[in-house]
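One letter stands for each residue in the lines below.
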Amino acid sequence: MNTGRRKLITTGLAAAAGATGLGAAVKLAGKYDLLAPDSSGIYGPGEALTYATQRLLTRHSMAREFRRDQISKVPFVNGPLPKDPALQAAQAEGFANWKIEVKGLVTHPMTLSLADLKRYPSASQITHLACEEGWSYIAEWTGVPLHHILNAAGVRSQAKYIAYHSIQKDWWDTIDMEDALHPQTILSYGLNGGDLPVGNGGPLRLRLPRQLGYKSVKYITGITAIDDVNKYTKSLVPAPPESGYAWYAGI
Ligand SMILES: Nc1nc2c(c(=O)[nH]1)N[C@H]1C(S)=C(S)[C@@H](COP(=O)(O)O)O[C@H]1N2
Ligand SMILES: [Mo]
């Protein structure tokens, strides 16, 4: 989309929201295929507008990267280690048998070990992880950009979203293809030069610096290419929208 047209649509969205309420803006967003999958229901219209305007304004934009001297002294760990037996068993073996399954709308489903993942080109980024509860930290994340894995698996053209799953059954999420293929979206196995600590999601975590911390799901065991989020799961996010977790958490 060229900038002129993008500006026009963005102005249209803002004007529609101001003049006739969010409903009109949602319709306009739908017309341009910019509806977030949680755009219906009482929390919906606001989400749709945020998603659509962010997409138009920030297409291809990069999350800010920081200097090494700006790295936080202590990478904040959100709460005590989870008690999930499967995670504890994997940790007891030093994560030697950790695997991720890549499946769904792909031509080559794959199962990859950590060693397999480390054979793909790696990338590092010094970015900010912000929790919706207000705290944040800056750290250097190292891992394989998700697009390398998706390219190797051969994502089919019908795939519109990527779902990702944790060994913690109640932690999973989905992102659109633009975020999935974004160069800063990585499957991270390293933090500040060492292995990714278990508290921060080790051995493997999706790092999505363009969205709030809760979209950076820890202990990743699966990546699934899907065409429709609403068909794939009953709820869009692991927690209901009343608890403050929007599907799109762009920052
Ligand atoms: N599997 C899993 N992933 C998760 C969480 C979790 O409890 N389990 N918490 C999320 C939330 S709400 C935030 S803010 C970040 C916190 O990351 P940190 O512990 O590295 O600070 O992880 C996200 N990913
Ligand atoms: Mo969070």
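This text goes with the structure placed above it.
The structure displayed is predicted, hence computed values, not measured ones.

### Observations concerning helix α6 (residues 146-153)
Those residues of α6 that sit buried are Leu146, Ile149, Leu150 and Ala153. Viewed along the axis of α6, the buried residues span an arc of 95 degrees, placing them on a single side of the element. Note on α6: the residue one or two positions beyond its end, Gly154, has a positive phi of about 70 degrees.

### Digging into the site of ligand 1
Contacts to ligand 1 come from 20 residues, most closely from Phe76, Tyr137, Gln168, Arg205 and Lys218. Measuring from an oxygen atom of ligand 1, one finds a backbone N or O atom of Asn78 at 2.9 Å. The separation between a nitrogen atom of ligand 1 and a polar side-chain atom of Ser166 is 3.3 Å. Against a free-state accessible area of 530 Å², the protein chains account for coverage of 93% of ligand 1. Residues of the shell around ligand 1, tallied by class, amount to 10 nonpolar, seven polar and three charged.

### With respect to the pairing of strand β10 (residues 220-226)
The buried fraction of β10 amounts to six of the seven residues, a majority that puts the element mostly inside the structure. The sheet contact formed by strand β1 (residues 99-104) and β10 spans four bridges and is parallel. Across the sheet, residue Val102 finds its bridge partner in β10, namely Ile223. Inspection of the sheet shows strand β5 (residues 161-166) paired to β10 by six bridges, in the antiparallel sense. Bridge pairing in β10 links Tyr161 to Ile226.

### Remarks on the pattern of salt bridges
Under the criterion given, the structure shown has seven salt bridges. For Asp116, the salt bridge is made with Arg119, and the minimal N-O distance between the two is 2.5 Å. Residue classification places Arg119 among the exposed positions, given a relative accessible area of 63%.

### Observations regarding the packing of aromatic side chains
Tallied over the full model, the rule gives five aromatic pairs. Summarising the aromatic geometry, the rings of Tyr161 and Trp247 are spaced 5.9 Å apart at their centres and angled 75 degrees between planes, so their arrangement reads as edge-to-face. You can see Tyr161 sitting in strand β5 and its partner Trp247 sitting in the segment after α8 (229-232), a full 86 residues away along the chain.

### What about the nonpolar core?
Counting 34 residues, the largest nonpolar core has Trp98, Ile100, Leu187 and Ile223 as the members making the most contacts within it. Looking at this core element by element, the count peaks at four residues for α6. In this structure, Trp98 is in contact with Leu87, Ala90, Leu112, Ser113, Leu114, Ile167, Pro203, Leu204, Tyr219, Ile220 and Thr221, ignoring residues within four places of it in sequence.

### Observations regarding the sheet that holds strand β2 (residues 110-113)
The strand order across the open sheet built from five strands is β2-β1-β10-β5-β6, with neighbouring strands paired in mixed fashion. Edge positions in the sheet fall to β2 and β6 (172-176), since each of these pairs with one other strand and no more. On average, each strand axis in the sheet is inclined to that of its neighbour by 20 degrees, with strand direction left out of account. Where α6 meets the sheet, its contacts fall on β1, β2, β5 and β10, and the angle it forms with β2 comes to roughly 140 degrees.

### Considering the side chain of Thr127
Along the chain, Thr127 turns up in strand β3 (residues 123-130). There is a polar contact of 3.2 Å between the side chain of Thr127 and the side chain of Arg207. Thr127 has contacts with Arg64, Glu65, Phe66, Tyr137, Ile138, Ala139, Trp141, Arg207 and Pro209, leaving out every residue within four places of it along the chain.

### A closer look at unusual backbone geometry
Following Gly202, the chain continues into Pro203 via a peptide bond in cis, with omega recorded as 15 degrees. Note that Pro203 resides in the loop between β8 (194-195) and β9 (205-207). At Phe95, a residue that is not glycine, the phi angle is positive and equals roughly 60 degrees. Residue position: Phe95 is located in the loop between α4 (85-92) and β1. A residue is classified by how much of its surface remains accessible, and Phe95, at 12% relative accessible area, is buried. In this structure, Tyr219 takes a positive phi of about 60 degrees despite not being glycine. Here Tyr219 lies in the loop between β9 and β10.

About the criteria used
- Residues numbered from 1 in each chain as written.
- Chains lettered and ligands numbered in written order.
- Predicted model: local features only at pLDDT ≥ 70, side-chain atom pairs only at ≥ 80, totals over all residues.
- Heavy atoms only, no water.
- Buried < 20%, exposed > 50% of the residue type's maximum accessible area, 1.4 Å probe, protein only.
- Helix = DSSP H or I, 4+ residues; strand = E, 2+ residues; numbered from the N terminus.
- Arc of directions from axis to C-beta.
- Near = heavy atom within 4 Å.
- Polar contact = N/O pair within 3.5 Å; in protein donor to acceptor, adjacent residues only side chain to side chain.
- Areas by Shrake-Rupley, 256 points an atom, 1.4 Å probe, with all protein chains shown as cover.
- Nonpolar A, V, L, I, M, F, W, Y, C, P; charged D, E, K, R; others polar.
- Pairing = 2+ DSSP bridges.
- Salt bridge = Lys/Arg side-chain N within 4 Å of Asp/Glu carboxyl O.
- Phe/Tyr/Trp six-rings, centres within 6.5 Å; stacked < 30°, edge-to-face > 60°.
- Core = buried A, V, L, I, M, F, W, Y, C linked by side-chain atoms within 4.5 Å.
- Contact = heavy atoms within 4.5 Å.
- Axes fitted to C-alpha atoms, helices over the stretch in contact; angles between N-to-C directions.

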